Every structure is written in structure tokens, then in C-alpha cells.
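Here is what each chain is made of, one letter per residue.
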Amino acid sequence: PELKKWKQRLQVDIDQWTSEDVTMLLREINLSKHIKKFEENRISGSVLTDLTTQELIQSLGLTFKEAKQMLKSIFLVQKYKDIYVTPPGVLQWNTD
């Protein structure tokens, strides 16, 4: 059920994501240790897409590497509407 929900959310414009959707992304890219901080700051998709590397590090506590991983994931979600996830924790995409 979680995978099905995740695939459905990837079809929605990231700017329309709820904080729960952002939480799903954090879990999927193995950054679940930061969920509490994201929830405390009510990070929705529209906020997430505006965050800079510096903000992810200083305000949300990510490391530089984690911030780059997050920004790359945001880019992929925005660029490819047909991203799918399998197995859990590995983002894959089809550009056909």
C-alpha cells in the first residue's frame, strides 16, 4: 500500500505535496532521521522546492551530502513525472 501511495504522489506536482508527502520522500531517500525537523517546520512541497542547500543544512540539520541528495531528489521528481520506486530506497526513472 505504501508503494502504491508513493507512486500516486509522484504523479502530482511537487508544489502540491503535503508535509506527509515530503515525509514519504525523506523515508524513500533514507533521510528519515530528519522527519521530525521537517514536520516541526511544516515543510510542504511548495516550501521544499524553495529551500537552498544552506537552508537545508543550517535550518533543518542536514549534512552537505544529505542536502545535495535532497536537492537531487527534488530535481528528479520535478523533471520526471514517471519516476517510480523499486526497491524501496532506490529512485529510478524512465525518460521514454
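Look above for the structure.
The sections below set out a description of the structure shown in this document. (Residues numbered from 1 in each chain as written. Predicted model: local features only at pLDDT ≥ 70, side-chain atom pairs only at ≥ 80, totals over all residues. Heavy atoms only, no water.)

1. Focus: the overall build of the protein
In terms of regular secondary structure, the protein is built from six helices and two strands. If you list the helices and strands of the protein from N to C, you get α-α-α-α-α-α-β-β. Looking at the 96 residues of the protein, the share that counts as buried comes to 38%. Across the protein, the fraction of contacts at a sequence separation of at least 24, relative to all contacts at a separation of at least 6, is 48%. When the accessible surface of the protein is totalled, it reaches about 5900 Å², and 49% of it is carbon and sulfur. (Helix = DSSP H or I, 4+ residues; strand = E, 2+ residues; numbered from the N terminus. Buried < 20%, exposed > 50% of the residue type's maximum accessible area, 1.4 Å probe, protein only. Contact = heavy atoms within 4.5 Å. Areas by Shrake-Rupley, 256 points an atom, 1.4 Å probe, with all protein chains shown as cover.)

2. Looking at a negative patch on the surface
A contiguous patch of negative charge on the surface is contributed by Asp13, Asp15, Asp50 and Glu55. As for its position among the elements, Asp50 is in the loop between α4 (45-48) and α5 (53-58). On the basis of relative accessibility, which here comes to 60%, the residue Asp50 falls in the exposed class. (Patch = residues over 30% accessible without salt bridge, like charges linked within 9 Å, V, L, I, M, F, W, Y side chains within 5 Å. Salt bridge = Lys/Arg side-chain N within 4 Å of Asp/Glu carboxyl O. Lys, Arg positive; Asp, Glu negative; His and termini not counted. Charge placed at Lys NZ, Arg CZ, Asp CG, Glu CD.)

3. Thoughts on the environment of His34
You can see His34 is positioned in the loop between α2 (19-28) and α3 (35-40). According to the relative accessible area criterion, His34 is buried, its value standing at 8%. Once residues within four sequence positions are removed from consideration, His34 is found in contact with Leu26, Leu60, Gly61, Leu62 and Glu66.

4. Describing helix α6 (residues 64-79)
Each α-helix winds once per 3.6 residues, and so residues spaced three or four apart point in a common direction. Its 16 residues place the ends of α6 22 Å apart at the C-alpha level, agreeing with the 22 Å of an ideal helix rising 1.5 Å per residue. Taken as a whole, α6 has its buried residues at Glu66, Ala67, Met70, Ser73, Ile74, Leu76 and Val77. (Expected span 1.5 Å × (residues − 1).)

5. Considerations on unusual backbone geometry
Backbone phi values are negative for most residues with the exception of glycine, while trans is the configuration of most peptide bonds. Despite not being glycine, Asn30 shows a phi value in the positive range, around 60 degrees. Mapped onto the elements of the fold, Asn30 is located in the loop between α2 and α3. Overall, Asn30 belongs to the exposed group, its relative accessible area being 58%. In this structure, Arg42 takes a positive phi of about 50 degrees despite not being glycine. With respect to the element layout, Arg42 can be found in the loop between α3 and α4. Look at Arg42 and you get exposed, because its relative accessible area is 70%.

6. Quick notes on α2
Counting buried positions along α2 gives seven out of ten residues, so the element sits mostly inside the fold. Asn30 occupies a position one or two residues after α2 and carries a positive phi of about 60 degrees.

7. Things to note about the nonpolar core
Grouped together as the largest cluster of nonpolar side chains are 20 residues, with contacts concentrated most on Phe38, Leu48, Leu56, Leu62 and Met70. Breaking this core down by element, the ones donating at least two residues are α2, α3 and α6. Residue contributions to this core peak at four residues, all from α6. The residues touching Met70, leaving out its near neighbours within four places in the chain, are Leu25, Leu26, Ile29, Leu31, Phe38, Leu48, Leu56 and Leu62. (Core = buried A, V, L, I, M, F, W, Y, C linked by side-chain atoms within 4.5 Å.)

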